[in-house]
Amino acid sequence: VVPSTPPGPTIAAHDLAVAAPAPTGPTTPAHDLAVAAPAPTGPTITVLTGDLADPAVIATTLATITARGLPLRGVFHAAGAPDDGVLLQQDPARLARVLATKLGGAWHLHHATRHLLLDHFVLFSSVAGVHGQAGQASYAAACAALGALAQVRRAAGLPALCVDWCASRTLPAA
């Protein structure tokens, strides 16, 4: 979630950027940029790394943000855990692992923030959810479900945007 400043009088705000699982090696440039010290008058950004399939991880992070006294203004969910393999090699456990982080994390974020007045709720997905991707049936299903979650939020009058990224040699997978 990344903070933003609403129109009108300037007030401090907070956004949450979600990236999971916790990095075990070098971080990505996007992660490094998100956790860099913001400008003194800019927004505060919290990067959540951890098991997004566990609603307690999200609840703890949101409680920390609330304790800082800054209103949460937006969520950016870019977590994912692809488990590539041809369809005949997929099984319920592999599907569940992929869905837990990509879709489960988004669902938990939705439930934890649906009562808040967010400016944005952005889901980083993949074009694989639109037209499929060879060897990525589980990931494609999770990405398609993110689009459905965005529609559910918008139908409820909540902000939502699902961005279906395409393959890139310079950007990490969504």
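Residues numbered from 1 in each chain as written. Predicted model: local features only at pLDDT ≥ 70, side-chain atom pairs only at ≥ 80, totals over all residues. Heavy atoms only, no water.

A.B. asks: Quick rundown of the overall build of the protein? Include the residues and the values.
C.D. replies: Looking only at helices and strands, the protein features five helices and five strands. Within the protein, buried positions represent 36% of all 174 residues. Entry remark: accessible area of the protein is about 9,300 Å², with carbon and sulfur atoms responsible for 65%. (Helix = DSSP H or I, 4+ residues; strand = E, 2+ residues; numbered from the N terminus. Buried < 20%, exposed > 50% of the residue type's maximum accessible area, 1.4 Å probe, protein only. Areas by Shrake-Rupley, 256 points an atom, 1.4 Å probe, with all protein chains shown as cover.)

A.B. asks: Explain the environment of Pro55 to me, and be specific about the residues and the numbers.
C.D. replies: The topology assignment puts Pro55 in helix H2 (residues 55-67). What makes Pro55 partly exposed here is its relative accessible area of 43%. Sequence-wise, Pro55 and Trp107 are 52 residues apart; in three dimensions their C-alpha atoms are separated by 9.3 Å.

A.B. asks: Explain the pattern of salt bridges to me, and be specific about the residues and the numbers.
C.D. replies: Under the counting rule described, the total for this entry stands at one salt bridge. For Arg73, the salt bridge identified is with Asp119, shortest N-O distance 3.0 Å. Taken as a pair, Arg73 in strand S3 (residues 72-77) and Asp119 in the loop between helix H3 (92-113) and strand S4 (120-126) lie far apart in primary sequence, 46 residues in all. (Salt bridge = Lys/Arg side-chain N within 4 Å of Asp/Glu carboxyl O.)

A.B. asks: If you had to explain the packing of H2 against H3 to someone new, which residues and values would you point to?
C.D. replies: Viewed as axis vectors pointing N to C, H2 and H3 meet at an angle of 45°, and their least axial separation amounts to 9 Å. Taken together, the axis directions place H2 and H3 in an arrangement best described as oblique. Where H2 crosses over H3, the two elements pack in a sense that is right-handed. Here H2 contributes Pro55, Ile58 and Leu62 to the contact with H3, which in turn contributes Gly105, His108, Leu109, Ala112 and Thr113. (Axes fitted to C-alpha atoms, helices over the stretch in contact; angles between N-to-C directions. Parallel < 35°, antiparallel > 145°, perpendicular 65-115°, else oblique. Left-handed = near helix turned anticlockwise from the far one by under 90°. Contact = heavy atoms within 4.5 Å.)

A.B. asks: Describe in detail the nonpolar core, supporting the description with residues and values.
C.D. replies: Phe121 and Leu123 are the most contacted members of the largest nonpolar core, which has 17 residues in total. Broken down by secondary-structure element, the contributors of at least two residues to this core are H2, S3, H3, S4 and helix H5 (137-155). (Core = buried A, V, L, I, M, F, W, Y, C linked by side-chain atoms within 4.5 Å.)

A.B. asks: Report on the packing of aromatic side chains, specifying residues and quantitative values.
C.D. replies: Within the structure shown, the criterion is met by zero aromatic pairs. The lysine or arginine in question, Arg153, covers the ring of Phe121, its NZ or CZ lying 3.8 Å from the ring centre. (Phe/Tyr/Trp six-rings, centres within 6.5 Å; stacked < 30°, edge-to-face > 60°. Lys NZ or Arg CZ within 6 Å of the ring centre and 35° of its normal.)

A.B. asks: Outline the pairing of S4, supporting the account with residue identities and numerical values.
C.D. replies: When you tally the buried positions in S4, you get six out of seven residues, the bulk of the element. Pairing of S3 with S4, which is carried by four bridges, proceeds in the parallel orientation. When the sheet's bridge partners are listed, Gly74 is paired in S4 with His120. As for the winding sense of the linkage, the β-α-β connection from S3 through H3 to S4 is right-handed. (Pairing = 2+ DSSP bridges. Right-handed = clockwise from strand over helix to strand, strands pointing away.)

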